[in-house]
Amino acid sequence: MSEAGQFIDAALQRETSWSPPTDDRESSGLRSYGASVGAVRGTVRDALRKFRALSHDEITALASELWSVPVFERRLAAVVLLQSNVALLDNSDLTRLEGFIRDGRARSLVDPLATDVVGPMIEALDDTGRTRAHVALDRWIVENNVWLRRAAILAPLRALRSGTGDPDRFARQARVILAEPYASDVVSEAIDTVLDALPR
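Residues numbered from 1 in each chain as written. Predicted model: local features only at pLDDT ≥ 70, side-chain atom pairs only at ≥ 80, totals over all residues. Heavy atoms only, no water.

Explain the overall build of the protein to me, using residue names and the numbers behind them.
Summing up its helical and strand segments, the protein has eleven helices and zero strands in all. The secondary structure elements of the protein, listed N-terminal to C-terminal, are α-α-α-α-α-α-α-α-α-α-α. Taken against the 2.2 N^0.38 rule, which gives 16 Å for 200 residues, the C-alpha radius of gyration of the protein at 17 Å falls within 12% of a compact globule. Along the first, second and third principal axes, the C-alpha set of the protein runs to 45 × 35 × 30 Å. (Helix = DSSP H or I, 4+ residues; strand = E, 2+ residues; numbered from the N terminus. Rg over C-alpha atoms; globule rule 2.2 N^0.38 Å.)

Shown next, in the form of C-alpha cells:
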C-alpha cells in the first residue's frame, strides 16, 4: 500500500463513531469502519495537505488503491479524492470510473461519482473527447447494470441545472429507460431527480 493510502486507511479506522452513521452503507454489503461522511472528507483533505501536488497518475492510482478493498469508507474516500481533483481527469479515466460505478453498490457512492466527477469531467473535454464520452454513456444506458444506468442519467445533472447541458440528449436517454416495462427503481428515481432539478 502506498504511503498516502496507509495514511488514509489508518485515519479512517481511528474515526470509528459510537453510533452507526445513518446512510446506505449497510445495504451496500460493504464492510464499514463506522466513520462518518464528515470524517472521511476531513481525512482526504488532510491527506491532500500532507501529500501535496499529487500528479494525475498518482491521484488515479490512489483512488484505485482505496477502492480495491470493499470497505465503504475507503471507497467514499476514493470518491472524495476524485471530486477534489476532477480538474486533473480526462477522457482516459472513464474506463476506471466505469469500473468504480459498476461495483458501486450504493447511491452515496455512485451519485457523487456521476454528478461531481463524470459529469464535470465530460463538460471540460473538447468536442472530440465529449463525443467519445457520450458514446460510453449511451452504452451505460443499455447495460445490464443499474448503477451504470443510474450514473448515465445523473452525469449531466449539474450542466442541466445550470442551463448549459443538453436536455434533448437527457430526454432521449430517459425515454430508453421509461420505455421498459420493468424499469428499475434505482434508475427511474434518477430520472425524477434530474427532472426536479431542471430550470422551470
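Further notes follow.
So what about unusual backbone geometry? Which residues, and what values?
Of note, Ala 53 is a non-glycine position whose phi angle comes to about 55°, a positive value. When you line up the elements, Ala 53 lands in the loop between helix H2 (37-50) and helix H3 (56-67). Despite not being glycine, Arg 105 has its phi angle at roughly 70°, a positive value. Structurally, Arg 105 can be placed in the loop between helix H5 (94-102) and helix H6 (107-123). Overall, the relative accessible area of 33% leaves Arg 105 in the partly exposed class. (Buried < 20%, exposed > 50% of the residue type's maximum accessible area, 1.4 Å probe, protein only.)

If you had to explain helix H8 (residues 146-154) to someone new, which residues and values would you point to?
Among the nine residues of H8, eight are classified as buried, and the element is accordingly described as predominantly covered. Buried residues in H8 make contact with H5, H6, helix H7 (127-141), helix H9 (157-162), helix H10 (167-178) and helix H11 (185-197). Measuring from the backbone nitrogen of Trp 147 back to the side-chain oxygen at the start of H8 gives 2.9 Å, which picks out Asn 145 as the cap. (Contact = heavy atoms within 4.5 Å. Polar contact = N/O pair within 3.5 Å; in protein donor to acceptor, adjacent residues only side chain to side chain.)

So what's going on with the packing of aromatic side chains? Residues and values would help.
Evaluated as defined, the whole model comprises two aromatic pairs. Look at Phe 7 and Phe 51: their rings are 5.9 Å apart centre to centre, the planes differ by 75°, and that puts the pair in the edge-to-face class. Placement of the pair is Phe 7 in helix H1 (residues 3-14) and Phe 51 in the loop between H2 and H3, with a sequence separation of 44 residues. For Phe 7, a relative accessible area of 24% translates into the label partly exposed. Phe 51 gets classed as buried once you look at its relative accessible area, which sits at 15%. Ring geometry for Trp 67 against Phe 100: centres 4.7 Å apart, planes inclined by 15°, an arrangement best described as stacked. A residue pair is termed long-range when its members are at least 10 positions apart, and Trp 67 in helix H3 and Phe 100 in helix H5 qualify at 33 residues. Each of the two residues, Trp 67 as well as Phe 100, counts as buried. (Phe/Tyr/Trp six-rings, centres within 6.5 Å; stacked < 30°, edge-to-face > 60°.)

This is a description of form; function is not addressed.
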